[in-house]
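Analysis of the macromolecular model
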Amino acid sequence: MGPISRRRRREAHARKSGKQEEDRPAKKVDRVMIKDNEQFKSYYKNQNILSEKEFEQFYEALQTPLPSTFRITGTRSHALEIQKLIKDVYIPAMQDVTIDGVKIDPPEPLPWYPDELGWQINASRMVVKRSPEFKTFHKFIVGETEAGNLSRQEAVSMVPPLLMDVQPHQWVLDMCAAPGSKTAQIIEAVHANDRLGEMPAGLVIANDADYKRSYLLIHQLKRLQSPCFVATNHEAQDFPGIRLTDADGKVTGPLRFDRVLCDVPCSGDGTIRKNEKIWVNWNQGGALELHSTQVEIFLRGAHLTKVGGRIVYSTCSLNPVENEAVVAEVLRRTKGALILRDVSDQLPKLKRKQGLETWKVMTKDGKYLGSTDDLQDHPQKGKFPKSVFPPDNAHKLHLDRCLRIYPHLQNTGGFFVAVFDKVQPMSRSERDTNDADVSPTTKLVPSKRSTSQRSTETEDKKAIPREAPFELVPKDDSEISKISEFYGLDPSFPRDQFLVRSEGDNKSKTMYFVSKAVKELLSLQDVHRLNIVNTGTRVFIRQNSAEEGRMAFRLTCEGLPLLDRVLSDRRRVLLSSASDLKTLLTEAYPKIEKFETHTVAKLESIELGCCVFDVDSSMAIGNQLGVNKLTLPVWKGKVSLSLLLNKMDKRVLCQRLFGVVPEDTPDHLKERSVANQSKAESETLP
């Protein structure tokens, strides 16, 4: 808002003075951000977070640009394929780049990230502009990020999911998940055994309080094609309790998770290297305002963690009020149910400092307080809950086991992480299976706000939109049977884990597939208490242009990896030449007659509708695909083909393989598609 208002004021002034904005000199004046804040510096010096000498190194590091980092994403086999492409093709090309006599180091793996799947780029924008090799790599990074094969993620934010130690069989909750980079790591860990062809027994619930950010989360995670993923929309501190029931409907206990991540909202001053506005806007107030909410979220997460499970608390803040103070308060209130875990032996190459056992709280007028005793007759006394101050038993709580990651240690942002084991129940609901645990917030309401007050406040807020519910499709459903026969689904593939959105009398356009664990969750009596925004992998979409009597459902590109192993050969076509692959990728609707003879023969032997093209990379273009095998969904028409990839994925693939941009869809075909869509919708209206 600020820059727009200033521009409008300049334009108004120009009109009054008889001058037009365009009469201004073309010279552009760049504003230089002064990276210094005396209050910030004084505050952290007074916390004694580092020695005086090391503090200067820390502060100098804050004033330098943050290097770019990215993570190779996707299931393990896919990630290793992209890694091979980077190491074998791009890195060798950047080994000997010199600019103005200075040798520029190529991107390098983060030494502490497992399997060299996390990378850092130390080159500046100037290098990218002046070096053809770095410019080529930059284009690759941008394209693969848009396609979802890479994630531009700050290095330190990769740490919490790694310390969760997620296993494929575990049920995991990410309480404040958007935008989703950490959730993606969790999903990848659940799918760690994908090479074995196993469907994970675990699931991941990614929750966020912001409805719009929930959809950003879904967009970010769609590329992972996980049937084990559920997105929900709740205030984290009010995440609903769900009862587990047996086949007879008897309550067997509350739903609890093996792993919980509480990456809570925070003031974010650890991101100051990339969020330069913090230099101007920083103050202690943000941390104090968030402290109670952070405690509530962490407490709710602790309740939802299974005894024997692990919960990780993290922030991108350096402030002990949001970090050690929250940890100490939750340890106090959980009364021995949580133990702060020593993880000094994990990620051994990650440089970190111990947590603080003492700290100070700063008032609005700059006075430092060490305890509530210093608040005698202070006018702001009510703004400082006792929990923001260091506890008397800080050493017994082992606060030194917390991780503090400072920018100067390994050229990163700042971060805080604490890892906990839950060793005993926290409430009667975890001991007594007859307790539904359906009112979790009653134990979490601060003493100054009653349950009725919170209820009234919630009602006053704008109602959270409720999504159309998902419905499990009966395994003997006629459409499932037709799909199974048409595509030759292996009999071993489960038919009782397909979902559709409840859309009244309309025919469902999309069919999803979920894992056994997600099906179990959706079958619970209390599942209606979850506001589920999305779940499952889209596997089939109703093709509106399909002729009467023909298979109406086509495969999706995100569902194909899931179904690849269970589809028969009857609708599969092998592409064995680079020319056929290039024709398929680059032309909008290539004619069947353009393909090689054996390809045409196979296409003519199968009926119209969706089919699968298999490409062996070593046979196609000298193993430069970056994947061991490429499988593509294709719609076969009477005379032409249509590659069923979205525009961005198709473009990235074309550029990666052939260095070209694919043709756009002709306008008349776009108009026909819109007409078919409108016709189909009118025919399905009740």
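Residues numbered from 1 in each chain as written. Predicted model: local features only at pLDDT ≥ 70, side-chain atom pairs only at ≥ 80, totals over all residues. Heavy atoms only, no water.

1. Some words on the side chain of Thr69
If you trace the backbone, Thr69 turns up in strand 1 (residues 68–72). Residue classification places Thr69 among the buried positions, given a relative accessible area of 9%. Only 2.6 Å separates the side chain of Thr69 from the backbone oxygen of Gln153, close enough to count as a polar contact. A distance of 3.2 Å separates a polar atom in the side chain of Thr69 from the backbone nitrogen of Ala155. (Helix = DSSP H or I, 4+ residues; strand = E, 2+ residues; numbered from the N terminus. Buried < 20%, exposed > 50% of the residue type's maximum accessible area, 1.4 Å probe, protein only. Polar contact = N/O pair within 3.5 Å; in protein donor to acceptor, adjacent residues only side chain to side chain.)

2. Quick word on unusual backbone geometry
Residue Ala178 is joined to Pro179 through a cis peptide bond whose omega torsion reads 10°. With respect to the helices and strands, Pro179 occurs in the loop between strand 7 (171–174) and helix 8 (181–190). For Asn411, which is not glycine, the phi dihedral falls at a positive 60°. Looking at the secondary structure, you find Asn411 in the loop between helix 13 (407–410) and strand 19 (415–422).

3. Let's talk about the side chain of Lys35
Residue placement: Lys35 occurs in the loop between helix 1 (2–16) and helix 2 (38–46). A distance of 3.2 Å separates a polar atom in the side chain of Lys35 from a polar atom in the side chain of Glu276. In contact with Lys35, not counting residues within four places along its chain, are Gln63, Thr64, Pro65, Glu276 and Trp279. (Contact = heavy atoms within 4.5 Å.)

4. Focus: the packing of aromatic side chains
Tallying each qualifying case throughout the model produces 29 aromatic pairs. Each ring, one from Tyr43 and one from Trp282, has its centre 5.3 Å from the other, and the planes form 50°; the classification is tilted. With a gap of 239 residues between them, Tyr43 in helix 2 and Trp282 in the loop between helix 10 (278–281) and helix 11 (285–304) connect regions that are remote in the sequence. Comparing Tyr43 with Trp282, the two get one shared label, buried. Clustering of aromatic rings is evident, with ring pairs tying together Phe40, Tyr43, Tyr44, Phe55, Phe58, Tyr59, Trp279, Trp282, Tyr368 and Tyr406. (Phe/Tyr/Trp six-rings, centres within 6.5 Å; stacked < 30°, edge-to-face > 60°.)

5. A few points about the pattern of salt bridges
Applying the stated criterion across every chain, the model contains 23 salt bridges. Here Glu54 and Lys353 are joined by a salt bridge, their closest N and O atoms 3.2 Å apart. You can see Glu54 sitting in helix 3 (residues 52–62) and its partner Lys353 sitting in strand 15 (residues 353–354), a full 299 residues away along the chain. The exposure class assigned to Lys353 is partly exposed, which follows from its relative accessible area of 28%. Among the ionic pairs, Lys182 bridges to Asp263, the shortest N-O distance being 3.1 Å. (Salt bridge = Lys/Arg side-chain N within 4 Å of Asp/Glu carboxyl O.)

6. Things to note about the pairing of strand 19
For strand 19, the tally of buried residues reaches eight of eight residues, placing the bulk of the element in the interior. Both faces of strand 19 are covered, namely the face carrying Phe415, Val417, Val419 and Asp421 and the face carrying Phe416, Ala418, Phe420 and Lys422. Relative to strand 19, strand 13 (residues 305–315) is paired through six bridges, and the arrangement is antiparallel. Note that in strand 19 the partner of Ile311 across the bridge is Phe420. (Pairing = 2+ DSSP bridges.)

7. Structural notes on the packing of helix 2 against helix 3
Where helix 2 meets helix 3, the axes come as close as 12 Å, and the angle between the chain directions of the two elements is 145°. Between helix 2 and helix 3 lies a crossing of right-handed hand. Between helix 2, through Phe40, Lys41, Tyr44 and Lys45, and helix 3, the contact on the second element is made entirely by Phe55, Glu56, Tyr59 and Leu62. (Axes fitted to C-alpha atoms, helices over the stretch in contact; angles between N-to-C directions. Left-handed = near helix turned anticlockwise from the far one by under 90°.)

8. A short note on the pairing of strand 27 (residues 609–616)
Summarising burial for strand 27: seven of the eight residues are buried, a large majority. Pairing of strand 26 (residues 572–575) with strand 27, which is carried by four bridges, proceeds in the parallel orientation. Within the sheet, the bridge partner assigned to Leu575 lies in strand 27 and is Val615. Of the pairings in the sheet, the one linking strand 27 to strand 28 (residues 629–636) comprises eight bridges and is antiparallel in character. Its bridge partner lying in strand 28, Val612 is registered against Pro633.

9. A few points about the nonpolar core
Membership of the largest hydrophobic core comes to 80 residues, with the highest contact counts inside it found for Met175, Phe298, Tyr313, Val327, Phe420 and Leu521. When residues in this core are grouped by element, the largest group, eight residues, is from helix 11. Apart from residues lying up to four places away in sequence, Val327 is in contact with Phe298, Tyr313, Leu340, Leu399, Cys402, Phe416, Ala418 and Phe420. By size, the runner-up hydrophobic cluster in this structure holds 58 residues, among which are Ile72, Val97, Leu221 and Leu224. (Core = buried A, V, L, I, M, F, W, Y, C linked by side-chain atoms within 4.5 Å.)

10. Topic: the sheet that holds strand 21 (residues 498–501)
The strand order 20-21-22-24-25 describes an open sheet built from five strands, whose pairing is antiparallel. Across the chains shown, the open sheet's two edge strands, defined by having one partner strand only, are strand 20 (470–472) and strand 25 (553–555). Here the average twist between neighbouring strands, direction ignored, is 35°. Lying over the sheet, helix 15 (residues 478–487) contacts strand 21, strand 22 (510–513), strand 24 (537–542) and strand 25, oriented at roughly 50° with respect to strand 25.

11. Observations concerning the sheet that holds strand 4 (residues 108–109)
Strand pairs in the sheet, formed through backbone hydrogen bonds, run parallel or antiparallel to each other. Across the sheet, four strands lie side by side as 4-5-1-6; this open sheet has antiparallel pairing. Edge positions in the sheet fall to strand 4 and strand 6 (150–151), since each of these pairs with one other strand and no more.

12. Some details on the confidence of the model for the protein
With 82% of its residues at a pLDDT of 70 or more, the protein has an overall mean of 84. Counted against residues more than four places away or in other chains, residues 1–30, with its pLDDT under 50, gives seven contacts. Contacts for the low-pLDDT stretch residues 438–462, under 50 throughout, to residues beyond four places or in other chains number 33 contacts. (pLDDT = per-residue confidence, 0-100.)

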